[in-house]
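# Descriptive analysis of the structure
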Amino acid sequence: MSNPSVKQIFDRIAPVYDQFNDWLSWGQHRIWKQMTVQWSYAKPGAVAIDLCCGSGDLTRTLARQVGKTGTVYGVDFCPNLLAIAKTYYSWTPIHWIEADVLQLPFGDRTFDAATMGYGLRNVRDIPQCLQEIHRILKPGATIAILDFHHPTNPLIQQFQQWYLDGIVVPYAQHQGLTEEYAYIMPSLARFPAGPEQVSLATKAGFDCAVHYPIVGGMMGVLVATKSVNS
Ligand SMILES: C/C(=C\Cc1c(C)c(O)c2ccccc2c1O)CCC[C@H](C)CCC[C@H](C)CCCC(C)C
Ligand SMILES: Nc1ncnc2c1ncn2[C@@H]1O[C@H](CSCC[C@H]([NH3+])C(=O)O)[C@@H](O)[C@H]1O
């Protein structure tokens with residue numbers, strides 16, 4: 001396999017995606033997603049969006065927070081993962097949309113809140129992605145973006161590298177998905193650290209942006225709010 005696209009990678013891992021996340025994170029990814037939804041400040045009855053929704057874990061957590069009177073949109077460009085997302089039941093209406101997050105099929109100022117889990121690291125153009133998110137949010141709305149991060153503590157950094165190279169990749173090898181999972185490490189290496197993410201969000205027009213390292217800095221959540229005057 002030579003240089004697969006991000007879309008091809010996720011189409012190939014789709015059948016094992018949910019199980020791998022549960023096993024390899026020891027179920028912890030659900031807690032990280034719950035924190036992200038709380039940081040989006042989505043209120044009951046809100047119209048909310050989950051970008052790069054994949055099989056829809058974060059989307060369903062967001063749906064629980066906005067409740068039966070709310071509406072949720074899940075957007076992803078990978079049809080195989082969206083097909084899995086559609087098989088789960090949700091009390092809150094969820095609309096699944098196949099689209100590229102760099103060109104969202106929504107009008108300006110549409111959403112009260114937004115989340116994105118493990119998407120930003122994969123997009124071709126992070127500044128454009130942040131601008132596009134800013135465009136679709138209502139003034140005063142917040143996006144919470146969860147992704148891998150760079151631990152500052154050298155011991156935790158070593159652990160993260162060992163866990164990805166020594167546990168995650170060999171585990172994926174059993175399913176013939178070595179190269180797909182080997183993609184995580186280099187994609188993390190080029191991903192900007194918290195302070196740079198904050199500056200990119202500010203440049204994209206966000207009024208207030210804060211990056212919270214979690215899991216010892218191995219993961220992080222960027223929380224950015226659109227100015228009430230914009
Ligand atoms: C939900 C998670 C990963 C999903 C994922 C993402 C985001 C990708 O971009 C992928 C790219 C290519 C192939 C597969 C991808 C993928 O599946 C994190 C949870 C799972 C992750 C693999 C474990 C990470 C473990 C870290 C280093 C800390 C472990 C700490 C626990 C032991 C508590
Ligand atoms: N440009 C893009 N537009 C839409 N989806 C994308 C783009 N780049 C990556 N993705 C999706 O981003 C997802 C990353 S995996 C994360 C899935 C989900 N949010 C979860 O936390 O479990 C995959 O489903 C990809 O298909």
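Scroll up to find the structure.
What counts and how
Residues numbered from 1 in each chain as written. Chains lettered and ligands numbered in written order. Predicted model: local features only at pLDDT ≥ 70, side-chain atom pairs only at ≥ 80, totals over all residues. Heavy atoms only, no water. Buried < 20%, exposed > 50% of the residue type's maximum accessible area, 1.4 Å probe, protein only. Helix = DSSP H or I, 4+ residues; strand = E, 2+ residues; numbered from the N terminus. Pairing = 2+ DSSP bridges. Right-handed = clockwise from strand over helix to strand, strands pointing away. Phe/Tyr/Trp six-rings, centres within 6.5 Å; stacked < 30°, edge-to-face > 60°. Lys NZ or Arg CZ within 6 Å of the ring centre and 35° of its normal.

## Quick word on the pairing of strand 1 (residues 47–51)
- Strand 1 sits mainly inside the fold: 4 of its 5 residues count as buried.
- Of the pairings in the sheet, the one linking strand 1 to strand 2 (residues 71–76) comprises 5 bridges and is parallel in character. Residue pairing across strands places Asp50 opposite Gly74, the latter belonging to strand 2.
- The parallel pair strand 1 and strand 2, bridged by helix 4 (residues 57–66), forms a crossover whose chirality is right-handed.
- As paired strands, strand 1 and strand 4 (residues 111–117) are joined by 4 bridges and run parallel to one another. Along strand 4, the bridge assignment pairs Ala48 with Ala113.

## So, the packing of aromatic side chains
- Counted by the stated rule, this structure contains 11 aromatic pairs.
- Residues Phe20 and Tyr181 carry aromatic rings whose centres are separated by 5.2 Å and whose planes lie at 45 degrees to one another, so their mutual orientation is tilted. Of this pair, Phe20 sits in helix 2 (residues 17–24) while Tyr181 sits in helix 8 (residues 178–182), placing them 161 residues apart in sequence. Side by side, Phe20 and Tyr181 carry an identical accessibility label, which is buried.
- Site record: aromatic cluster; members linked through ring pairs are Phe20, Tyr171 and Tyr181.
- Positioned above the aromatic ring of Phe77 is the side chain of Lys7, whose terminal nitrogen or guanidinium carbon lies 5.6 Å from the ring centre.
- In this structure, Arg60 is placed above the aromatic ring of Tyr88, and the distance from its NZ or CZ to the ring centre is 3.8 Å.

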